[in-house]
Amino acid sequence: MPDLFEPTFIRSMALANRFVRSATWEGMSDDQGRPTPKIAEFYTELALGGVGLIITGYAAVSPEGKQLPGTMVIAAEDFADDYRRLTAAVHAAGGRICLQLVHAGGQTDAKHAGRTPLAPTAVKLPQFPETPEELSKGEIDRIVRAFGAAARRAKAYGFDAVQLHAAHGYLISEFLSPLANRRSDGYGGSDENRARFLLEVYGEVRRQVGEDFPVLVKLNGCDFQEGGLSPAGALVAARLLDAAGIDAIEVSGGTPASGEKSPVRTKIDAPEKEAFHLELAMAIKGQVGCPVMCVGGFRSYETAELALARGIDYVSLARPLVREPALVNRWRTGDRRPATCISCNGCFRPGLREGGIYCVVERKEREKEKKE
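These remarks concern the structure in this document. On a predicted model such as this, the values are computed, not experimentally measured, just so you know.

So, how was this worked out
Residues numbered from 1 in each chain as written. Predicted model: local features only at pLDDT ≥ 70, side-chain atom pairs only at ≥ 80, totals over all residues. Heavy atoms only, no water. Phe/Tyr/Trp six-rings, centres within 6.5 Å; stacked < 30°, edge-to-face > 60°. Buried < 20%, exposed > 50% of the residue type's maximum accessible area, 1.4 Å probe, protein only. Disulfide = S-S within 2.5 Å. Helix = DSSP H or I, 4+ residues; strand = E, 2+ residues; numbered from the N terminus. Contact = heavy atoms within 4.5 Å. Pairing = 2+ DSSP bridges. Right-handed = clockwise from strand over helix to strand, strands pointing away. Expected span 1.5 Å × (residues − 1).

Okay, the packing of aromatic side chains next. Under the criterion given, the structure shown has 10 aromatic pairs. Between Phe 42 and Tyr 43 the ring centres are 6.0 Å apart and the planes differ by 70°, which places this aromatic pair in the edge-to-face class. For the residue pair Phe 42 and Tyr 43, the accessibility class agrees, reading buried in each case. Seen from their ring centres, Tyr 58 and Tyr 170 are 5.5 Å apart, and the 80° between their planes marks the pair as edge-to-face.

Here it is as structure tokens:
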């Protein structure tokens with residue numbers, strides 16, 4: 001059986017262990033999308049904490065693809081020095097860092113996009129703030145090129161890999177969803193056609209970064225939304241990606257309109273509530289040859305071991321590493337108590353109010369100790 005702490009490779013990228021920091025919006029960039037020293041320090045702490053691969057919060061490949069304030073943008077060369085300082089800091093701490101690339105599609109609004117949002121179809125969905133404009137073929141081609149150019153910049157700026165965000169209801173995910181994608185051209189109508197945009201993005205990214213640079217994807221195994229991407233549709237996309245040469249698939253699930261099955265579920269307070277995407281990840285693993293990562297509610301070392309025993313290659317963590325950046329090192333040195341994250345989602349609120357996420361529970365506990 002694979003060991004959680006054995007070194008591995010994803011294409012040319014050497015990793016110290018099988019733990020991945022899954023992408024989480026941090027809200028630590030400036031108004032233009034420039035990464036700040038604060039976010040470099042945040043990632044450096046994760047690297048020092050022992051996580052094998054850090055996947056950044058999403059970076060918009062085009063100005064209209066930005067969703068939230070404090071989001072990184074990599075749509076031009078303007079922030080090259082800032083990105084290089086970020087990757088250099090992580091590498092100096094012994095870490096590996098992968099830039100997640102996104103276009104928010106219909107899950108943004110005119111305030112943040114600077115225009116009417118764009119989506120596969122002009123349909124108002126529960127997760128869309130407003131009715132988007134349907135993408136023309138020319139706009140599709142432009143966005144495909146934007147993903148490629150962003151990946152080329154990421155490689156030049158020192159990132160070790162890129163990940164395409166094809167989950168959680170953002171633009172690539174929207175193309176995969178029969179609910180969001182009601183097109184009648186070559187981008188809609190069948191699972192294969194709905195995967196066309198994703199395959200074109202991957203192809204352009206691969207063309208821009210070359211054969212040796214790792215390209216990953218975050219893919220919903222299911223949207224958990226009536227009419228959305230089904231497990232069968234996800235398997236089609238995964239097989240096509242694998243055949244095209246993708247280097248790893250991180251399996252997630254849900255959208256902001258998926259209710260209790262959203263990507264960030266609460267009350268994960270028992271082992272049986274952990275690893276809630278494991279079955280979806282195992283189904284995809286059975287259909288592809290590339291490494292598969294699983295994210296979704298991992299809180300205990302034993303559950304992480306179970307995922308590897310059942311065939312998963314990497315275990316991805318998000319909110320637990322907000323509370324405990326050194327969790328992986330804690331487990332590595334023999335303290336196998338579960339993560340102390342209580343899955344309250346309170347860490348996201350400071351990102352909007354204070355310019356950066358942090359664990360509000362942990363901070364309150366520290367402040368209480370100081371008073372005592």
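Further remarks concern the state of the cysteines. One pass over the structure, following the stated rule, counts zero disulfides. Here Cys 294 stays unpaired: no disulfide links it, and the sulfur of Cys 222, its closest cysteine neighbor, is 14 Å away. Note on Cys 294: relative accessible area 0%, which makes it buried. Between Cys 344, a cysteine without a disulfide, and Cys 359, which holds the nearest cysteine sulfur, the sulfur-to-sulfur distance is 6.2 Å. Accessibility expressed as a relative area gives 37% for Cys 344, which makes it partly exposed.

Tracing the sequence through the fold places Leu 171 in helix α5 (residues 171–176). Residues Leu 171 and Ala 23, 148 residues apart in the sequence, show an inter-C-alpha distance of 16 Å. In contact with Leu 171, not counting residues within four places along its chain, are His 103, Ala 104, Gly 105, Leu 118, Ala 119, Pro 120, Leu 135, Ile 143 and Phe 197.

Of the two faces of strand β13 (residues 292–295), the one holding Val 292 and Cys 294 and the one holding Met 293 and Val 295 are both buried throughout. By the bridge criterion, three bridges tie strand β12 (residues 248–252) to β13 in an arrangement that is parallel. Counted as the bridge partner of Ile 249 is Val 292 from β13. On the question of chirality, the crossover connecting β12 to the parallel β13 by way of helix α9 (residues 278–285) is right-handed. Relative to strand β14 (residues 314–317), β13 runs parallel, the two sharing three bridges. Within β14, the residue paired with Val 295 across the bridge is Ser 316. Traced from β13 through helix α10 (residues 301–309) to β14, the parallel crossover comes out right-handed.

Another point: helix α7 (residues 196–209). Taking 1.5 Å of rise per residue, the 14 residues of α7 would be expected to cover 20 Å, and the 20 Å separating its terminal C-alpha atoms lies within 8% of that figure. Taken together, the buried positions of α7 are occupied by Phe 197, Leu 198, Val 201, Tyr 202, Glu 204, Val 205, Arg 206 and Val 209. Where α7 is buried, its residues contact α4 (137–156), β10 (161–166), α5, α6 (191–194), β11 (215–220) and α8 (231–244). Gly 210 lies just past α7 and shows a positive phi near 90°.

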